[in-house]
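Coordinates in review
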Amino acid sequence: MTTIPTLSLNNGVAMPALGYGVFQTPPDETVAATAEALRVGYRHIDTAAAYGNEREVGEAVRRSGVARDDVFLETKVWINDYGHDATLRAFDKSAGKLGVDTIDLLILHQPLPTRFDLTVGAYQALEQLLADGKVRAIGVSNFMPDHLDRLLAETSVVPAVNQVEVHPYFRQPDVLAADAQHGILTQAWSPIGGITFYPGWGGEDRRSTLEDPTIVRLAETHGATPAQVMLRWHLQQGRSAIPKSVTPSRIAENLDVTGFELSADELAAIDALDTGLRGGPEPADVTLEAFGQEIPEA
Ligand code: NDP
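Quick caveat: nothing in here was measured; it's all calculated off a predicted structure. (Residues numbered from 1 in each chain as written. Predicted model: local features only at pLDDT ≥ 70, side-chain atom pairs only at ≥ 80, totals over all residues. Heavy atoms only, no water.)

1. Side note on the sheet that holds strand S8 (residues 161–165)
Across a sheet, strands are paired by hydrogen bonds formed along the backbone, either parallel or antiparallel in direction. Strand order in the open sheet formed by eight strands is S3-S4-S5-S6-S7-S8-S9-S10, and the pairing between neighbours is parallel. The open sheet has two edge strands, strand S3 (20–21) and strand S10 (240–241), and neither has a second partner. For strand S6 (residues 103–108) and strand S7 (residues 135–141), the ladder comprises five bridges, and the chain directions are parallel. Each residue of the ladder has a partner; that of isoleucine 107, found in S7, is glycine 139. Packed on one face of the sheet, helix H3 (residues 84–98) meets strand S5 (72–77), S6 and S7 and runs near 135° to S6. (Pairing = 2+ DSSP bridges. Helix = DSSP H or I, 4+ residues; strand = E, 2+ residues; numbered from the N terminus. Contact = heavy atoms within 4.5 Å. Axes fitted to C-alpha atoms, helices over the stretch in contact; angles between N-to-C directions.)

2. Focus: the side chain of histidine 109
Of note, histidine 109 is situated in the loop between S6 and helix H4 (116–131). The exposure class assigned to histidine 109 is buried, which follows from its relative accessible area of 9%. Non-local contacts of histidine 109, meaning those with residues more than four positions away in its chain, are made with Ala48, Ala50, Tyr51, Lys76, Val77, Trp78, Tyr82, Ser141 and Asn142. (Buried < 20%, exposed > 50% of the residue type's maximum accessible area, 1.4 Å probe, protein only.)

3. Digging into the packing of helix H7 (residues 213–222) against helix H8 (residues 226–236)
Direction vectors running N to C along H7 and H8 enclose 95°, while the axes themselves pass 8 Å from each other. The orientation of H7 relative to H8 falls into the category roughly perpendicular. Two secondary-structure elements touch here, H7 through Ile215, Val216, Leu218 and Ala219 and H8 through Pro226, Val229 and Met230. (Parallel < 35°, antiparallel > 145°, perpendicular 65-115°, else oblique.)

4. Side note on the site of the ligand
Looking at the ligand, there are 29 residues lining it, with Asp46, Ser190, Tyr198, Ser245 and Thr247 nearest. Residue glycine 193 places a main-chain N or O atom 3.4 Å away from an oxygen atom belonging to the ligand. Arginine 250 places a polar side-chain atom, nitrogen or oxygen, 2.8 Å from an oxygen atom of the ligand. When each cavity is represented as a set of grid points, the ligand is found to reside in the largest pocket. Classifying every residue of the shell around the ligand by side-chain character gives 13 nonpolar, eleven polar and five charged. (Near = heavy atom within 4 Å. Polar contact = N/O pair within 3.5 Å; in protein donor to acceptor, adjacent residues only side chain to side chain. 1 Å grid on protein atoms, 1.4 Å probe; cavity = no way out; pocket = protein on both sides within 12 Å on 5 of 7 lines; lining within 4 Å. Sits in = over half its atoms within 2 Å of the grid points. Nonpolar A, V, L, I, M, F, W, Y, C, P; charged D, E, K, R; others polar.)

Written out as structure tokens, the structure is:
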């Protein structure tokens, strides 16, 4: 079984660098896929209230036979549950669905730039949950440097993690630099560029990171796959990554990334593929009106 490196968060909590993501995994496939991930050795799972599959993630952990303390569970509060009291209730919803007393890492899924007061209230609730021992670490997602500055000005606990879109075609060097400056770990979503090729998204002119000639060449050089090259790039640059797959062979492939090393020149060649084009929503444009979604009770 592959041993995945562990990262130490800014509050000393240990987190496996590579996790297993479940965005767009239908609830009726989540138990089997997540159980397979745990079987092959993943010990970190990334879900979200908005994914609608926290209950099935919890079920997979229980069925896996892996001890609860040996699995790092990360989930996210959706924007409809922002504000101090609403976010405390959001913890109860997520913990209830996961079937756990403690969540290892609870993060705000998006900044709400037009209602930053609610974003701050939500984060202050995370601080309270941390102080009460209900979560082991807290963080954010899709926060741009200006959102981090605003948050840090009004709160006291520096986020442990900022989960943002990072893949070879969209690297966000300004976000990576701001995270590093504040001592925040960057966690890459769409780490193998899923958003550049997921079925049904984007236009015909999309280019898939999996087919990029530089990535394919590096894969051939190292006897690896394109996905493994991209995951290696994240790990060697000190990021956490949370690849998603429901396909058993790919679930295993994405964990098997410790057998080769990219050189500094090879890492730089991947950095140079950045197009500056974001795949996901522009964080500044996320509003309750456009993205609101009620999160059911547990
Ligand atoms: P990924 O980069 O993980 O790519 C997932 C896609 O790649 C799926 O279509 C999957 O197909 C396919 N795939 C997986 N492994 C391989 C492989 N080895 N070879 C070829 N294809 C492969 O993209 P995601 O956007 O899913 O990001 C990963 C996780 O990040 C999410 O699951 C979620 O946890 C998180 N996330 C967070 C966001 C946020 O706003 N905070 C936004 C988006 C994602 P298949 O499953 O069919 O095998």
